Structure formats: C-alpha cells, structure tokens
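Structure assessment
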Amino acid sequence: MQQFAWGKRSLDTIELLQCDLFPALPNGLDVHTINARAYLAHILRHPRVSLRQKHIIHQGVVRIEQLAKKRYRATYVELGAKKRQVLLAQIAKTPWGEGFIQEMLGFIFEALLGDPIYGINKDGVGWRWTRHTPGLPRPLRSVWE
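Residues numbered from 1 in each chain as written. Predicted model: local features only at pLDDT ≥ 70, side-chain atom pairs only at ≥ 80, totals over all residues. Heavy atoms only, no water.

1. Here's the deal with the pattern of salt bridges
For the structure shown, the criterion picks out six salt bridges. Across the pair Lys8 and Asp12 runs a salt bridge whose closest N-O atoms are separated by 2.7 Å. With Lys8 and Asp12 both in helix α1 (residues 8-21), this residue pair falls four residues apart, about one helical turn. Taking relative accessible area as the criterion, Lys8 reaches 59% and is therefore assigned exposed. (Salt bridge = Lys/Arg side-chain N within 4 Å of Asp/Glu carboxyl O. Helix = DSSP H or I, 4+ residues; strand = E, 2+ residues; numbered from the N terminus. Buried < 20%, exposed > 50% of the residue type's maximum accessible area, 1.4 Å probe, protein only.)

Next up, the structure:
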C-alpha cells in the first residue's frame, strides 16, 4: 500500500488552498469554523479512504507547489491572494487540476455539512447556513475516537 507524507508544510498548503476555494462569508462561516483542515488531515490518514483520493490530493499539492515555484519562485503559502487565484485558475483548466479541486471541494463540503459530533461543522453552522435539518437518528459518538 502506498503511503503519502502529510507533514505540517503540506497541511499548511492544504489549509490555505481550502481558504482560497471557500472564502470566508460575511456571516463568519469559513473553513476554520467548519474545521476543514483537521477533517481533511484525518481523512488523509484514514485507512478506508481510497488511495486514489489520497493520490489526487498528494499530487495536487506537489504540483501546485511546483507551479508556484516555477512561476513565482515562492511556495504557495508565500504567495499573495491574487497570485494564488491566478494559479488556481490556471490549474483548473488542466485535467489533473480539475480533479484535484473537485476532491478538495468535496472534502470542504463534507466538513461543512457533516455532523458536529465528528469535530466539524461546529454547532451546526453549515446546517444553519444551508437551512438543513439533519436526519434522525444522529450518531451518538464519533467514529474518529
């Protein structure tokens, strides 16, 4: 089974990328409120998440860093918001970039709409934003424990 390195640097890149893909809303809802970084960090280490998904995210982070260094001689995290948006627009036009962004957005929306018992969607903020009423029965404990 292939393993990927998910160090602090990779997770910092992922967190900033999440912020770029889901900017803060005027009501205060953002990737921090829904705990998207911690959720994705857990997912990336979970044995039931497909290697394909982990590979897409890992390669996406590697490629976006390579592109940032090639184009701006800086890491993604070192770039200003406008330059990061230019990079995202550029990669979105590629097959790998489209798949990468799709995977990232999927996990952001899971954190936004998942049950708060899993440490995401704090106090149901995503549910209130979407006017969603969760189905019953709800989980009694987190499977992350």
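After that view of the structure, there is still more to cover.
2. Topic: unusual backbone geometry
Cis rather than trans, the peptide bond between Leu136 and Pro137 has omega equal to 0 degrees. Relative to the elements of secondary structure, Pro137 occurs in the segment after α6 (125-130). Positive phi is not limited to glycine here, since Asn35 has a value of about 60 degrees. Turning to its location among the elements, Asn35 is positioned in the loop between α1 and α2 (36-45). What makes Asn35 partly exposed here is its relative accessible area of 32%. At Arg131, a residue that is not glycine, the phi angle is positive and equals roughly 60 degrees. Along the chain, Arg131 falls in the segment after α6. When its relative accessible area of 79% is taken as the criterion, Arg131 is described as exposed.

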